[in-house]
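Observations on the model geometry
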Amino acid sequence: MRTFFLAIIALILMALGGPGSAAEHRDIVIDQVHIIPMDEERVLRDRAVRISDGQIIEIRSAGHWQADDGIQLIDGRNGYLMPGLAEMHAHVPGEQAPMQLREDILFLYLSNGVTLARGMLGEPWHLELREGLEEGQFLGPRLITSGPSLNGNSVDSPEAGREMVRDQVEAGYDFLKIHPGLGRAEFDAIAEEANELGMAFAGHVPEDVGIYRALEAGYASIDHLDRYPRALVDDEVLERIDPGFFDYRLAPHAKAERLAEIAEQTRDAGVWNVPTETLMHNLLLMDPEEAPRQRPEMRYLPAEMVESWQDWARRTQSDEDYDRDAAEAFVALRKDLIKALHATGAELLLGSDAPQVFNVPGFSIHHEMAIMEAAGLSPFEVLQTGTVNPARYFDMGDHFGQVAEGMNADLVLLRANPLKDLSNLRDPRGVMIRGQWIDAEQIGATLREIEDRYARD
Ligand SMILES: [Zn+2]
């Protein structure tokens, strides 16, 4: 009887939220803050943003609400509040990785204001993780995930391709990831099945498919600007030159006058691009010995991971076929392509590809934004690629991508105006995910813990 009674008390306490948890259920107001709403290029000065149950419920002028039992007040003075960023080419370690590493990588994204990760190589555990993140069992960005890769090894016939599409739809993945090596017949079967089922497919463009077929087949996004260089050179160039990593050796032979045409075709096809520029730069041009000094954030990852990247970059750059001039031409050409895509109205999404070759999750998004700006986008336009554009891409414009009433409370509070300088996105004063506030102190403390965990001797 006594046990039963205690159990009832425990249930009542749980229903009340238990001791000390009242704060979690209080509304939060970020007060005296400047807002970058991202609906258009503007700053709303001196506002108060009220958050309840993970949503922005009301925005009023500063000082509208007072701290009391119902409200936790966050001082936003001199700060700039904007929507959290999406990393549209993210990798999340899978079940074979140590749990601690998985959690650390999720936190690294969040610590840099990334509140949405599009996972580009899914597995069954990521479906659990997607729910676990929503339910607060994990601390990290929201996850939208592909299924396991469809590639030349995983798909050996058109029927196998169709079956894999159906299985992944059934399993509940958000989209399909296409990798190199797929034959044309397999790809066509996959694209047809996916389009019939309303399942998006994205990623690489296999060689047998090519950019024109990819545009026609209805890729949701092409990642890495894959296969575009081939649209820019004459056929005879393809016959005599080994194109190399992402076709970089074709770059010196590219015809600039073809950029506008392929950009227009991309726009007309409604295909989005996730350039992942920093990946190309890092692998082909960055000095692997200097990289750890140039990217000090690599201290937040295990030494083996960084060393394996250094090995890859060393092998690439010391190969007898390595052509540094072509690599430089390639990186420059891709900037021109981004500019042409943007100028013609083809859609761009922010994605760096992390963790991958010197790209540390979260931190790499800042390098990617700098390259997008160097390609000719204004800071506001760069921010669009990581906020309102992903929201439109996922057809979730009513849920995230802006600071407005009714939107998810996925936010980043900055020390200075990012529209003036994108580097103001670094080192935020706080990040909010699903209404949960993580201040700079907590971010700093957790980053120090992560650094200690992977400390080099
Ligand atoms: Zn990737």
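Just so it is clear, the structure is predicted and the values come from calculations on it, not from any experiment.

**Notes on the domain arrangement of the protein**
One can read the domain layout of the protein as domain 1 (25–83 + 406–453) and domain 2 (220–395). For domain 1 versus domain 2, the distance between C-alpha centres works out to 31 Å. Taken together, the 11 residues of domain 1 in the interface contact 13 residues of domain 2. When residues in the side of domain 1 that touches domain 2 are grouped by element, the largest group, three residues, is from helix H18 (residues 440–453). Residues of the side of domain 1 that touches domain 2, tallied by class, amount to eight nonpolar, no polar and three charged.

**Considerations on the nonpolar core**
Counting residues in hydrophobic clusters, the biggest one holds 126 residues, and the most contacted among them are Val49, Leu81, Phe201 and Val403. If you tally residues by element for this core, the top one is helix H14 (residues 324–344), at eight residues. Mapped onto the domain boundaries, this core takes at least three residues apiece from domain 1 (25–83 + 406–453) and domain 2 (220–395). Beyond its immediate chain neighbours, meaning those up to four positions away, Val49 contacts Val29, Ile30, Val33, Ile35, Ile56, Ile59, Leu81 and Val403.

**A short note on the environment of Leu333**
Its place among the elements puts Leu333 in helix H14. Taking the C-beta count within 10 Å as the criterion, Leu333 has 23 such neighbours and is therefore assigned buried. Residues Leu333 and Glu368, spaced 35 residues apart in sequence, show a C-alpha to C-alpha distance of 16 Å. Once residues within four sequence positions are removed from consideration, Leu333 is found in contact with Ala251 and Ala254.

**Observations regarding helix H13 (residues 303–318)**
For an α-helix, the turn length of 3.6 residues means that residues three or four places apart are oriented alike. The terminal C-alpha atoms of H13, which comprises 16 residues, lie 22 Å apart, in line with the 22 Å expected from a rise of 1.5 Å per residue. Listed as buried for H13 are Val306, Trp309 and Ala313. The buried residues of H13 occupy one face: seen down the axis, they fall within an arc of 60°. For H13, the exposed residues set more than 90 degrees away from the buried face come down to Glu304, Glu307, Ser308, Asp311, Arg315 and Ser318.

Criteria and cut-off values
- Residue positions are counted from 1 within each chain, in the order its sequence is given.
- Given that this is a predicted model, residues contribute local features only at a pLDDT of at least 70 and side-chain atom pairs are listed and counted only at 80 or more, while totals for whole chains, interfaces and linings are drawn from all residues.
- Per the annotation, domain bounds derive from an automatic or database assignment of domains.
- Residue pairs qualify as contacts under a 7 Å threshold applied to their C-beta atoms, which are placed from the backbone.
- Each helix corresponds to a stretch of at least 4 residues labelled H or I by DSSP, and each strand to a stretch of at least 2 residues labelled E; elements are numbered beginning at the N terminus.
- Charged residues are taken to be Asp, Glu, Lys and Arg, nonpolar residues to be Ala, Val, Leu, Ile, Met, Phe, Trp, Tyr, Cys and Pro, and polar residues to be all remaining types, Gly included.
- Think of a nonpolar core as buried Ala, Val, Leu, Ile, Met, Phe, Trp, Tyr and Cys residues chained together by C-beta atoms that fall within 7 Å.
- Here a residue counts as buried when 20 or more other C-beta atoms fall within 10 Å of its C-beta, as exposed when 12 or fewer do, and as partly exposed in between; the C-beta atoms come from the backbone.
- Expected helix span is taken as 1.5 Å per residue step, with the number of steps being one fewer than the number of residues.
- Our arc is simply the arc of the directions from the helix axis toward the C-beta atoms.

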